[in-house]
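# Understanding the architecture of this molecule
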Amino acid sequence: MSSFRHRHPCVLRVYRLPAVALLITVAGCSSADDSASAAVPSPDAKVAELCRNLDKVLPAKVNGERREDPEPASALTASWGSPAIILRCGVPQPPEMIDPKVAEGRDPDAVAGGVNGVDWLMEKQDDDGYVFTTANREAYVEVRAPEGVDSSSVLIDLASAVKEAIPEGIAS
């Protein structure tokens, strides 16, 4: 006769409870929720409207990655892939944009340039990623491309949406 069959049912429950608790803990720590997060800008009403227009025309895919918006949800932010390419619309003007060293090409970490009719300021980050901010548009749009992402592809994929939604001009 097996001694296992005659154990008290409560003994089995005590052994099962830690296993269930362990499974719940492990599931809670899994990487199933890889959603990105992004601080939501707080632009004035005119710029916010331009950003909502941009949100409506952003591509479903950027650099081959599908759109999965960051938390908290906002029409002013978008993201694609993991690690995420993050777009934020309505950000303040970066200080480097008015730095004469950048305009003259003397800053190795910040370079101005254009892609498909959209001017961008490119800034190298400490984590080897890049931040691009639109220039000569009525709203500043920031795009963060993590290390290893083909940033030229990202900018090409976003250019038509930026041109359609954010008119050329000087951001307020």
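Before reading further, recall that the structure is shown in the block above.
Residues numbered from 1 in each chain as written. Predicted model: local features only at pLDDT ≥ 70, side-chain atom pairs only at ≥ 80, totals over all residues. Heavy atoms only, no water.

To continue, consider the environment of R52. Secondary-structure assignment places R52 in helix α2 (residues 45-57). You can call R52 partly exposed: its relative accessible area is 37%. Taking the C-alpha atoms as reference, R52 lies 5.5 Å from A75; in sequence the two are 23 residues apart. Sequence-distant contacts of R52, defined by excluding residues within four places in its chain, comprise A45 and A75. Polar side-chain contacts of R52 include one of 3.0 Å to the side chain of E49. (Helix = DSSP H or I, 4+ residues; strand = E, 2+ residues; numbered from the N terminus. Buried < 20%, exposed > 50% of the residue type's maximum accessible area, 1.4 Å probe, protein only. Contact = heavy atoms within 4.5 Å. Polar contact = N/O pair within 3.5 Å; in protein donor to acceptor, adjacent residues only side chain to side chain.)

Once that is clear, we can look at the environment of V154. Topologically, V154 is positioned in helix α4 (residues 151-165). Accessibility expressed as a relative area gives 1% for V154, which makes it buried. The spacing of V154 and N63 is 91 residues in sequence and 5.3 Å in space, taken between C-alpha atoms. Contacts of V154, omitting those with residues within four sequence positions, involve V62, N63, I85, V143 and V149.

This part covers the side chain of S79. Inspection of the secondary structure puts S79 in strand β3 (residues 77-80). Judged by its relative accessible area of 1%, S79 falls in the buried class. A polar contact of 2.3 Å, which involves the side chain of S79, links it to the backbone oxygen of E68. Those residues in contact with S79 that lie beyond four places of it in its chain are A36, R66, R67, E68, D69, P70, A84, I85 and I86.

Time to look at the state of the cysteines. A complete count under the given rule lists one disulfide for this structure. Here C51 is linked by a disulfide to C89, with a sulfur-sulfur distance of 2.1 Å. Across the disulfide from C51 to C89, rotation about the S-S bond amounts to roughly -75 degrees, and the bridge is consequently left-handed. With C51 in helix α2 and C89 in strand β4 (residues 85-89), this residue pair connects regions lying 38 residues apart in the sequence. For C51, a relative accessible area of 1% gives the class buried. The buried category is assigned to C89, whose relative accessible area is 1%. (Disulfide = S-S within 2.5 Å.)

Right, let's get into α2. Residues spaced three or four apart along an α-helix face the same direction, because each turn holds 3.6 residues. Relative to the 18 Å expected for 13 residues at 1.5 Å per residue, α2 spans 19 Å between its end C-alpha atoms, a close match to the ideal helical length. Residues of α2 that are buried sit in contact with β4, β8 (141-145) and α4. The residue sitting at the N-terminus of α2 and contributing the capping side-chain oxygen is D44; that oxygen lies 3.2 Å from the backbone nitrogen of K46. (Expected span 1.5 Å × (residues − 1).)

Let us look at the nonpolar core. Among the nonpolar cores identified, the biggest contains 28 residues, and L54, L58, W80, L87, V143, L158 and I166 are the most heavily contacted of them. Put simply, the parts of the chain that give this core at least two residues each are α2, β3, β4, β6 (118-124), β8 and α4. Element by element, the count of residues in this core is highest for α4, at seven residues. Non-local contacts of I166, meaning those with residues more than four positions away in its chain, are made with L50, C51, L54, C89, R137, E138, A139 and V141. (Core = buried A, V, L, I, M, F, W, Y, C linked by side-chain atoms within 4.5 Å.)

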